[in-house]
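# Working through the structure, step by step
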Amino acid sequence: MKSLYVKLAITTIAIMIASSLISFMFSNFYYQQKLKPDNDDKNTNIALDMASYVESEEDLNLERYLEHMAAVGYQIFLTDQDGNETYYGNPFRDQSLPGETIELVLSGEVYHGIKQFPQETFVTGFFANELTNTIGVPFEHNQIQYALFIRPDIKLLFNEMHILFAWILVLTIVLSIILVLINTKFLVNPLSKLTAATNELSEGNFSIKLEIERDDEIGKLAKGFKHMAEQLDKLDQTKNEFISNVSHDIQSPLSNIKGYSNLLKKNTLNQEDKDLYISIINNEINRLSNLTKQLLLLASLDKQDDLLKKTTYSLSDQLKDVIFNHQWSISEKGIMASYSLPDTQINGDRTLLYNVWENLLTNAIKYNKENGNLDISILENEHDIDIRFKDSGIGFSEEVQEQMFDRFYREDSSRTKEVEGTGLGLSIVASIVDLHGGQIQIDSEKHVGSTFTIILPKNTN
Ligand code: ADP
């Protein structure tokens, strides 16, 4: 398999060769169609001029004159009626010329050899140093009939130009090939780096250093790739953290259950201790069951494949239900609760939204102070419904606020540790609100209290 570098280099060079050949063919065609007749005309005029000059100067030394013209830049062939042939100037490469052509010119005709020169695709007639590629004119000198054949001596006239053009051609070819090779390398290099990075990624190494700084499509591809690697890295870390959190949160109630059930085996225990241990075991079982329920809910929210089962129902009644179910813990903590729950209909997934209100309410109770305040209200606007949970609890800093929606996040404070929790509640709230196209607004001050406002759009389609 040829590498992209070799393929690109070969195709570019092949394109260069093909286009040179095609342009040569086209310019040759142009010479044949347009320039050749012009060239023939020009040289015919010169030849006729020479002939008429010779005819007008009776005392002219013909030989000297033609030698002089040859020196100026012509290849000349002269023949007379008796067949005496003389060449002047640089020799013709091919000296053959049909006898009848000579006869024709001796009889007074002009021979247009340049115009009649055969068309060949790859040989421009302009350069053909052949006797047939000449202009033949008749003249008479000292009562002798002559036929004069001339053509410009290309070698003499254009030799330096030839060398110059040859140099230009060679340099252009060599430089183009070198530049094509460099440019191809420049193009292909980042792709090789990307391939190496993809291989690393597939082997599980997400911290990839990709040094490609460009603004073009390849640069954008590299940026996208880096971003993807970072996201995969984050996902991998989150997955690992998640597994270790879940394992820890399952392990600790299990070891408590094991420990207390072992204690229960002892015969020396009095009824009071037994009751205490059984209630601890029960609590731990509840904790485990709560955790697994939340984990299952999170997993189903992540999949997002079972679409929301939306219905229109009374939000105020649902909130009253949630409050009723938790009334005992509100009273237990001596919390002063106030509600503003005007009759409001909402379109959403009833079961999932129940989870949202339950999580927010239990947090507002759990993190509240003894005898604190709690206020729950619904505010219906033109486009959305705002549901507000305001407590006068421990509050939290902005730093906590940034992380509180992360899975398993719990503030690392003694007050939070006193309270039961899995750190999953708010991440569940965020996922459900997000699925409903809503937003969460938070306002909190440490030791003063917190307000969570859920803003759900009315038109949820
Ligand atoms: P959990 O309550 O099980 O710990 P959550 O996801 O519901 O988990 O909450 C995450 C963290 O956010 C809590 O541990 C707590 O530190 C903080 N938090 C949540 N709600 C409140 C609140 N009303 N007042 C103060 N802190 C809160």
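Below: a short report on this structure. (Residues numbered from 1 in each chain as written. Predicted model: local features only at pLDDT ≥ 70, side-chain atom pairs only at ≥ 80, totals over all residues. Heavy atoms only, no water.)

A word on the sheet that holds strand E4 (residues 135-141). Sheets are built from strands paired through backbone hydrogen bonds, the pairs being either parallel or antiparallel. Strands sit in the order E2-E1-E5-E4-E3 across an open sheet of five strands; the sheet is antiparallel. Of all the strands in the sheet, just strand E2 (85-88) and strand E3 (111-112) have a single pairing partner and so form its edges. Note: strand E1 (residues 74-80) against strand E5 (residues 144-152), seven bridges, orientation antiparallel. By the bridge assignment, glutamine 75 is partnered in E5 with arginine 151. Across the face of the sheet, helix H3 (residues 99-106) comes into contact with E1, E2, E3, E4 and E5 while running at roughly 115 degrees to E5. (Pairing = 2+ DSSP bridges. Helix = DSSP H or I, 4+ residues; strand = E, 2+ residues; numbered from the N terminus. Contact = heavy atoms within 4.5 Å. Axes fitted to C-alpha atoms, helices over the stretch in contact; angles between N-to-C directions.)

Okay, the layout of surface pockets next. As a volume, the largest pocket reaches approximately 1500 Å³. Among the elements of the structure, helix H7 (271-303), helix H9 (327-332), helix H10 (350-366), helix H13 (425-435) and strand E12 (449-457) are those that each provide at least two residues to the lining of the largest pocket. Ranked by residue count, the leading element in the lining of the largest pocket is H7, at 10 residues. Taken together, the residues of the lining of the largest pocket break down into 14 nonpolar, 19 polar and 12 charged. (1 Å grid on protein atoms, 1.4 Å probe; cavity = no way out; pocket = protein on both sides within 12 Å on 5 of 7 lines; lining within 4 Å. Points joined across faces, edges and corners; volume = space filled by probe spheres on them. Nonpolar A, V, L, I, M, F, W, Y, C, P; charged D, E, K, R; others polar.)

Following the criterion strictly, the structure yields 10 aromatic pairs and no others. Ring geometry for tyrosine 260 and tyrosine 277: centres 5.2 Å apart, planes at 45 degrees, overall tilted. Within this pair, whereas tyrosine 260 is found in helix H6 (residues 217-264), its partner tyrosine 277 is found in helix H7, the two being separated by 17 residues in sequence. Given a relative accessible area of 24%, tyrosine 260 falls into the partly exposed group. Between phenylalanine 396 and phenylalanine 452, the ring centres sit 5.9 Å apart and the planes meet at 50 degrees, which makes this aromatic pair tilted. Of this pair, phenylalanine 396 sits in the loop between strand E10 (384-391) and helix H11 (398-403) while phenylalanine 452 sits in strand E12, and the two are 56 residues apart along the sequence. Both residues of the pair, phenylalanine 396 and phenylalanine 452, belong to the buried class. Ring pairing ties together the aromatic residues Phe77, Tyr87, Phe92, Tyr111 and Phe149, which thus form one cluster. (Phe/Tyr/Trp six-rings, centres within 6.5 Å; stacked < 30°, edge-to-face > 60°. Buried < 20%, exposed > 50% of the residue type's maximum accessible area, 1.4 Å probe, protein only.)

Attention shifts here to the side chain of threonine 184. Counting through the fold element by element, threonine 184 comes out in helix H5 (residues 154-202). Looking at threonine 184, the relative accessible area reads 4%, which means it is buried.

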